[in-house]
Protein chains: 2
Amino acid sequence: MRATVMYGAGDVRVEDVPDAGLREPTDAVVRVVLSCICGSDLWPYASMPSSSPGRRMGHEFLGVVEEVGPEVSGFRAGDVVVSPFTWADGSCDFCAAGLHTSCRHGGRYGADGVDGGQGEAVRVPQADGTLVRLPVGEDSALLPSLLTLSDVFCTGHHGAVTTGVGPGTAVTVIGDGAVGLCAVLAARRLGAERILLMGRHAERTDLGREFGATDVIAQRGAEGVARVRELTRGDGTHAVIECVGTGQALETALGVVRDGGAVSRLGVSQYTKVPMGFDAFMRNITLTGGAAPARAYIEQLLPDVLDGAVQPGRVFDRTVGLDEVPGGYRAMADREALKVLVRP
Amino acid sequence: MRATVMYGAGDVRVEDVPDAGLREPTDAVVRVVLSCICGSDLWPYASMPSSSPGRRMGHEFLGVVEEVGPEVSGFRAGDVVVSPFTWADGSCDFCAAGLHTSCRHGGRYGADGVDGGQGEAVRVPQADGTLVRLPVGEDSALLPSLLTLSDVFCTGHHGAVTTGVGPGTAVTVIGDGAVGLCAVLAARRLGAERILLMGRHAERTDLGREFGATDVIAQRGAEGVARVRELTRGDGTHAVIECVGTGQALETALGVVRDGGAVSRLGVSQYTKVPMGFDAFMRNITLTGGAAPARAYIEQLLPDVLDGAVQPGRVFDRTVGLDEVPGGYRAMADREALKVLVRP
């Protein structure tokens, strides 16, 4: 089959790889109907050292079950399913606590002999714990929004949940990428009253306004912090969702959070240290979030996606075939595309 | 009147200072019956640069109201009261949210013309918002335990509350100082099932066991982390309360916290950066806590102190008069005393 392999910074290829097939009795093989490129894929695209075996790419996908192992009881061939961006057994104590990203028998796509999502098919380990059936056909117009349940919409929701967003909350969202926009949507869905979106790309922040942002702050760094404080009587907001992952974005987050408030980080951390010394201590700032346990949220968010109450799929602004994936990476890295759908 | 002034590292003096007196209509003057030396006083005692005006010391005290300003309605001369370690108006939005340490009209003792607690009397700003009346006489045997409501017991409670300690929780407490022992007591009071206390001073950890610690870990650093993990099936504990304030203690905290868990920091941070990069991100670790809003907790904790259900005053193992305060600092710095009471 064909699948995406990254060999180093800027070097993404679509190649023949071994067909996805059952290995464990708990596996399923899913033919990919829709996949996409993630903002987090851009980090290795910018800096990955050359690797001769390369790295299989993609962790967001939905598709049709082709085959299941003998111990898979919840799915059968023909089911339309979405996968969260990590696989998990669904039954260990971490999964029971809603932290599927720390599953005792889970793992990541594109690693340890597991396929990536940017390909024709994927062997899904722990299929019963991982997959969620979708009550739609594989030609449904809802598929792009349903695909965001794999990662970005659940990730935005994780930011809103971990910062305690609810009716009446004021929240700052840092970053106008797909996760930032989904965080806006998720915060709005949970009843946030005021949503300040920090981002510089007008076409993205315009979508952010449609998703529920009440204010857009185009300034960055100290100027951006000053502007948020100006808009919030000097205080900042109780909830801050950081959707970039750089040290600068995190510093901004700590600058705009209100005393006693929480910063949730959703952008994969590109820094090793967090500047939370005496000032953050005295102000009782909480740092929370992390890799979203998407699987824990899919059932909660699915109904609103199915009935169109939210349309997170609007973050996709370009669609490519599998062979055009390398161009999709370039377009996202060059900020020509917000988020790229892949139809193998 | 006589009061404690620090002039630099190791240089604590008891001197004549201007008498405490009303300045604002919202002030009260409290004659100090009992005060104490705080672990956090040891940081400047170790490293404060020479200062010629010096710094008034002490932020934990209880005593008797001598005089109140015309706008103070809740207290009158003769009331026995305890003060939390910061003063606050009790009515702003931060106070209403239980974050009195960030009060819009609050501040700290020993700064900006406000007396410190290690003296004969204190002018208490915002008396109505700050003080709590105690239904005891000034000769009550409960006074040492009641004094811990000023800081250490409320601070330990803050750690337990911010990490979500409740019935059945497993919690690691790092540090066997007064705050650490109070955190053990607070966690036990909230129903923690397993309390792992990390500390090296046997007489302190023995008291920790009496306060509710189920396991004592004498090892530090990587060895200490390994031991906690060994005791918790490799996972660490969901709640971790860091009661030291050094970078090493914080690293230990991050090493013993379970995926998805929370580290609450109570030790005044002596570091400027927190090592929470990719690993903590993937593990969804939360960093929380900070300067405890003691005022928010006093009423909740008071009944259990009054009826003897908890005896946090057992952390005091030495009592000095006001003139002996410099020796009290030395004893605490040399680890000869755990926590020193001051009876002016």
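Residues numbered from 1 in each chain as written. Chains lettered and ligands numbered in written order. Predicted model: local features only at pLDDT ≥ 70, side-chain atom pairs only at ≥ 80, totals over all residues. Heavy atoms only, no water.

- The name given to chain A in an unreviewed UniProt entry is Zinc-binding dehydrogenase, with Saccharopolyspora rosea as the source organism.
- Under the Cofactor (unreviewed entry) heading, UniProt states for chain A: "Zn(2+)". (UniProt positions renumbered as here; feature names shortened; annotations may be inferred.)

Some thoughts on the domain arrangement of chain A
Residue and element names in this part refer to chain A.
Here is step 1 of the chain: Splitting chain A by domain gives domain 1 (2–151 + 293–343) and domain 2 (155–289).
Here is step 2 of the chain: For domain 1 versus domain 2, the separation of C-alpha centres amounts to 27 Å.
Here is step 3 of the chain: Contacts between domain 1 and domain 2 engage 18 residues on the former and 20 residues on the latter.
Here is step 4 of the chain: For the pair domain 1 and domain 2, the two sides together bury roughly 1,700 Å², of which 64% comes from carbon and sulfur. (Domains from an automatic or database assignment. Contact = heavy atoms within 4.5 Å. Buried area = accessible area lost by both parts, 1.4 Å probe.)

Considerations on the pattern of salt bridges
Residue and element names in this part refer to chain A.
Here is step 1 of the chain: Under the definition given, this model contains 40 salt bridges over all chains.
Here is step 2 of the chain: In this structure, the salt-bridge partner of Asp16 is Arg2, at a minimum N-O distance of 3.5 Å. Of this pair, Asp16 sits in strand S2 (residues 11–16) while Arg2 sits in strand S1 (residues 2–8), and the two are 14 residues apart along the sequence.
Here is step 3 of the chain: With a relative accessible area of 61%, Asp16 lands in the exposed category.
Here is step 4 of the chain: Residue classification places Arg2 among the partly exposed positions, given a relative accessible area of 28%.
Here is step 5 of the chain: Here Arg295 ties to Glu299 by a salt bridge, and the two come within 2.9 Å at their closest N and O atoms. (Salt bridge = Lys/Arg side-chain N within 4 Å of Asp/Glu carboxyl O. Helix = DSSP H or I, 4+ residues; strand = E, 2+ residues; numbered from the N terminus. Buried < 20%, exposed > 50% of the residue type's maximum accessible area, 1.4 Å probe, protein only.)

Description of the relation of the copies chain A and chain B
Here is step 1 of the chain: Once chain A has been moved 0.0 Å along the axis and rotated by 180°, it coincides with chain B to within an RMSD of 0.0 Å. Expressed as an axis order, the relation between the two copies is that of a two-fold axis.
Here is step 2 of the chain: Most of the interface of chain A is mirrored in chain B: 100% of its interface residues are interface residues there too. (Least-squares fit on C-alpha atoms with pLDDT ≥ 70 in both.)

Some details on the UniProt feature "domain: Alcohol dehydrogenase-like C-terminal" (unreviewed entry) in chain A
Here is step 1 of the chain: Those places that UniProt annotates as "domain: Alcohol dehydrogenase-like C-terminal" (unreviewed entry) correspond, in this numbering, to residues 178–302 of chain A.
Here is step 2 of the chain: As annotated, residues 178–302 of chain A has a helix share of 46% and a strand share of 22%, and its two end C-alpha atoms lie 18 Å apart.

Side note on helix H11 (residues 294–306) of chain A
Residue and element names in this part refer to chain A.
Here is step 1 of the chain: Taking 1.5 Å per residue as the helical rise, H11 with its 13 residues ought to reach 18 Å, and the 17 Å between its terminal C-alpha atoms agrees with that figure.
Here is step 2 of the chain: At Gln300, H11 shows its maximal bend, which comes to roughly 45°, and the proline Pro303 appears one to four places after that position.
Here is step 3 of the chain: For H11, the set of buried residues is Ala294, Arg295, Tyr297, Ile298, Leu301, Leu302 and Val305.
Here is step 4 of the chain: Residues of H11 that are buried sit in contact with strand S6 (80–83), helix H3 (127–130), strand S10 (132–133), helix H4 (143–147), helix H5 (152–162) and helix H6 (178–189). (Expected span 1.5 Å × (residues − 1). Bend = angle between axes of the 7 residues up to and from the residue.)

Notes on the interface of chain A and chain B
Here is step 1 of the chain: On the side of chain B, 37 residues touch chain A, which itself brings 37 residues to the contact.
Here is step 2 of the chain: Between chain A and chain B, a total of about 3,100 Å² is buried, with carbon and sulfur atoms accounting for 50% of that surface.
Here is step 3 of the chain: Summed over the shared surface of chain A and chain B, the number is four salt bridges.
Here is step 4 of the chain: We note a salt bridge from B:Asp93 to A:Arg258, for which the minimum N-O separation is 3.2 Å.
Here is step 5 of the chain: Inspection of the chain A/chain B interface yields 20 residue pairs in polar contact (both at pLDDT 80 or more).
Here is step 6 of the chain: Of all the secondary structure elements, the ones that give two or more residues to the side of chain A that touches chain B are helix H2 (93–96), strand S15 (257–265), helix H10 (278–282) and strand S16 (286–289) of chain A.
Here is step 7 of the chain: Its residues assigned to classes, the side of chain A that touches chain B comprises 15 nonpolar, 13 polar and nine charged. (Polar contact = N/O pair within 3.5 Å; in protein donor to acceptor, adjacent residues only side chain to side chain. Nonpolar A, V, L, I, M, F, W, Y, C, P; charged D, E, K, R; others polar.)

Regarding the sheet that holds S1(A)
All names here are of chain A.
Here is step 1 of the chain: A sheet is described by the order of its strands in space; here three strands give the open sequence S2-S1-S4, paired in antiparallel fashion. Two strands lie at the open edges of the sheet, namely S2 and strand S4 (55–56), each paired on one side alone.
Here is step 2 of the chain: Sheet analysis places S1 next to S4, joined by two bridges and oriented antiparallel. Across the sheet, Met6 pairs through a bridge with Arg55, a residue of S4.
Here is step 3 of the chain: Sheet strands touched by helix H12 (residues 325–333): S1 and S2. Its angle to S2, the strand with the most contacts, is close to 160°. (Pairing = 2+ DSSP bridges. Axes fitted to C-alpha atoms, helices over the stretch in contact; angles between N-to-C directions.)

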